[in-house]
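Overview (structure and organization)
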Amino acid sequence: MEKIQMTTPLVEMDGDEMTRVLWQQIKDELLLPFIDLKTEYYDLGLPYREETKDQVTIDSAEATKKYGVAVKCATITPNAQRVEEYKLSQMWKSPNGTIRAILDGTVFRAPIMVKGISPVVKNWNKPITIARHAYGDVYKSTEYRVPGPGKAELVFTDESGKEQFRQTIYDFECGGVLQGQYNKDSSIVSFARSCFQYAIDTRQDLWFATKDTISKKYDHTFKDIFQEIFDREYKARFDELGIEYFYTLIDDAVARVVRSEGGFIWACKNYDGDVMSDMVSTAFGSLAMMTSVLVSPDGKYEYEAAHGTVTRHYYKYLKGEETSTNPVATLFAWSGALRKRGELDGIQALVSFADKLEQATIDTIESGVMTKDLVGLWEGETPAKGVNSLDFLKAIRTRLEETL
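All of the points below concern the structure found in this document. Computed from a predicted model, the values in this text were never measured in an experiment.

Conventions and cut-offs
Counting starts from 1 at the beginning of each chain's written sequence and moves along it residue by residue. Side-chain atom pairs in this predicted model are given and counted only at pLDDT of 80 or more, local residue features only at pLDDT of at least 70, and totals for whole chains, interfaces and linings cover all residues. Values shown for side chains rest on all heavy atoms present in the structure; no hydrogens or waters enter the calculation. Helix axes are fitted only over the stretch in contact, all axes being lines through C-alpha atoms; the angle between N-to-C directions runs from 0 to 180 degrees. In this description a helix means any DSSP run of H or I spanning at least four residues, a strand means any run of E spanning at least two, and both kinds are numbered starting from the N terminus. Every angle not falling under 35 degrees, over 145, or within 65 to 115 is termed oblique; those three ranges are roughly parallel, roughly antiparallel and roughly perpendicular. A clockwise turn of the near helix away from the far one marks a right-handed crossing, whereas an anticlockwise turn of less than a right angle marks a left-handed crossing. By definition in these notes, contact holds between two residues if any of their heavy atoms fall within 4.5 Å. Polarity classes work like this: nonpolar for Ala, Val, Leu, Ile, Met, Phe, Trp, Tyr, Cys and Pro, charged for Asp, Glu, Lys and Arg, and polar for all others, with Gly in that last group. Aromatic pairing here means that ring centres of Phe, Tyr or Trp (its six-membered ring) are within 6.5 Å. Orientation follows from the plane angle: under 30 degrees is stacked, over 60 is edge-to-face, and everything else is tilted. Each residue is assigned to one of three classes by its accessible area relative to the maximum for its type, calculated with a 1.4 Å probe on protein chains only: buried under 20%, partly exposed between the two thresholds, exposed over 50%. By the criterion adopted, a ring carries a charge over it if an Arg CZ or a Lys NZ lies within 6 Å of its centre and within 35 degrees of its normal. Patch construction takes residues with relative accessible area above 30% that form no salt bridge. Like charges are linked within 9 Å, and nonpolar side chains (Val, Leu, Ile, Met, Phe, Trp, Tyr) are linked within 5 Å. With residues, only the protein chains shown are counted as cover, and all accessible areas are computed by Shrake-Rupley using a 1.4 Å probe. By definition here, a salt bridge exists when the distance from a side-chain nitrogen of Lys or Arg to a carboxyl oxygen of Asp or Glu is within 4 Å. Definition used in this section: a nonpolar core is a set of buried Ala, Val, Leu, Ile, Met, Phe, Trp, Tyr and Cys residues joined via side-chain atoms within 4.5 Å. We call two strands paired when DSSP finds no fewer than two bridges between them.

1. Section: the packing of helix H3 (residues 55-67) against helix H5 (residues 95-103)
Across the interface, H3 lies against H5 with an axial gap of 9 Å and an inter-helix angle of 40 degrees. By the angle between their axes, H3 is oblique relative to H5. Both H3 and H5 take part in a crossing whose hand is right-handed. Across the interface between the two elements, Thr57, Ile58, Ser60, Ala61, Glu62, Thr64 and Lys65 from H3 touch Pro95, Thr98, Ile99, Ile102 and Leu103 from H5. Of the residues that constitute the contact of H3 with H5, the class distribution is six nonpolar, four polar and two charged.

Here it is as structure tokens:
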């Protein structure tokens, strides 16, 4: 069969450890035989990030702004142990954080559902996508211990040096703790636009929730900005597509989500998104079956798996031992990026290929062939057969070739 031709390259961001191995296997088995794959390649593996003083991460993000679509392998965010292991000159920042900041994007995470692996919440029969505003709040807060009695005040001085606000937070009669949080209108605006745009792209309802009844300035600002942007820029398009923007309080949202059947995007402030994304991914089954896409307000996309580099399996791999690492989320990162590239470039064959690749993957699991991490979750009628990663990819290829 003639290979599918691409006109615009994908930005390809290679990564670390076991996912780097899977990355190449996916390309060799499932992409290169069928697509004349055009990519602009960036090696975000930790050794090359060290060699370039992390400039390669910045360059990859700028390339994403240029070309519009990227696909990223999982990467290491080094801690002290990694600094020693890789002989790093410094503890380099998270590549995801760097890329997210440059693109000013929001991360959307959604489960990949297959028949035979049921969510813990039995009425969830459609994916729930978590959109997390990964900026500010408690993650950038200033905090300290209060040693004893005294007055804590919140003060704002404008850029000319004039004091605009001064308010007592609390008159401490004993020791305690104090914390100051912030956020920016510009960041909230970007978050809102990314959420509305992604809802339109995926034809899904969008839910958003804060605690504005208690936080009448901080959380209420989030609510107001979302509503203003929706009414001014997106309402007509939502109405045209028959999708809904729905706001409620965060505690009500949690109750509604648990009772729902799924099938919507749940936009969350930073802390809420941190907690709820883990809850949703675990309840659906596995982080290895969770997609992640970074969307900028101006419509740039970066697709990746929601999990890490699977270090334990990589050490086994280096010893020559067989591993059964789940490649599905990484595979769906490639298919998602190829689909979006096809949509933007008007290449229907590329869109169709991405659809068929994902269906072949799901069909393979539903036939009972899967990596060993899924065997314990399996409830299907067909007996589960746990295979190694490469054999799983080969089984997917067999099904894919039947449909092409």
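Back to the text.
2. A word on the packing of aromatic side chains
Aromatic rings considered in pairs are described by the distance between their centres and by the relative angle of their planes. Taken as a whole, this structure holds 25 aromatic pairs when the rule is applied. When the centroid spacing of 4.2 Å and the interplanar angle of 25 degrees are considered together, the rings of Phe108 and Tyr198 count as stacked. Of the two residues, Phe108 sits in strand E6 (residues 106-111) while Tyr198 sits in helix H6 (residues 185-202), which places them 90 residues apart along the sequence. With relative accessibility at 1%, the residue Phe108 sits in the buried group. Residue classification places Tyr198 among the buried residues on the basis of a relative accessible area of 13%. Members of the aromatic cluster, each reached through a chain of ring pairs, are Phe191, Phe196, Phe208, Phe226, Phe230, Tyr234, Phe238, Tyr245 and Tyr247. When the ring centre of Tyr139 is taken as origin, the NZ or CZ atom of Arg132, which lies over that ring, is 5.1 Å away. Above the face of the Phe222 ring, Lys269 is positioned so that its terminal group lies 5.3 Å from the ring centre.

3. Considering a nonpolar patch on the surface
There is a patch of nonpolar side chains on the surface, built from Val138, Tyr139, Tyr271 and Val275 and spanning about 340 Å² of accessible area. Relative to the helices and strands, Tyr139 resides in the loop between strand E7 (128-132) and strand E8 (142-146).

4. What about the nonpolar core?
One finds Phe196 and Phe238 to be the most contacted residues of the largest nonpolar core, which totals 67 residues. Per element, the largest residue contribution to this core is eight residues, and it comes from H6. In contact with Phe238, not counting residues within four places along its chain, are Phe196, Ala199, Ile200, Leu206, Phe230, Ile243, Glu244 and Tyr245. Membership of the second largest hydrophobic core comes to 17 residues, among which are Trp124, Trp207, Cys268 and Ala283.

5. Description of the sheet that holds strand E12 (residues 205-210)
The strand order across the open sheet formed by ten strands is E4-E2-E5-E16-E15-E6-E7-E14-E12-E13, and the pairing between neighbours is mixed. The open sheet is flanked by strand E4 (39-43) and strand E13 (245-249), the only strands paired with a single partner. Direction aside, the axes of adjacent strands within the sheet are offset by 20 degrees on average. Helix-sheet contacts for helix H1 (residues 17-31) involve strand E2 (10-14), E4 and strand E5 (69-72), and the interaxial angle to E2 is about 140 degrees.

Purely geometric stuff here, so don't read any function into it on its own.
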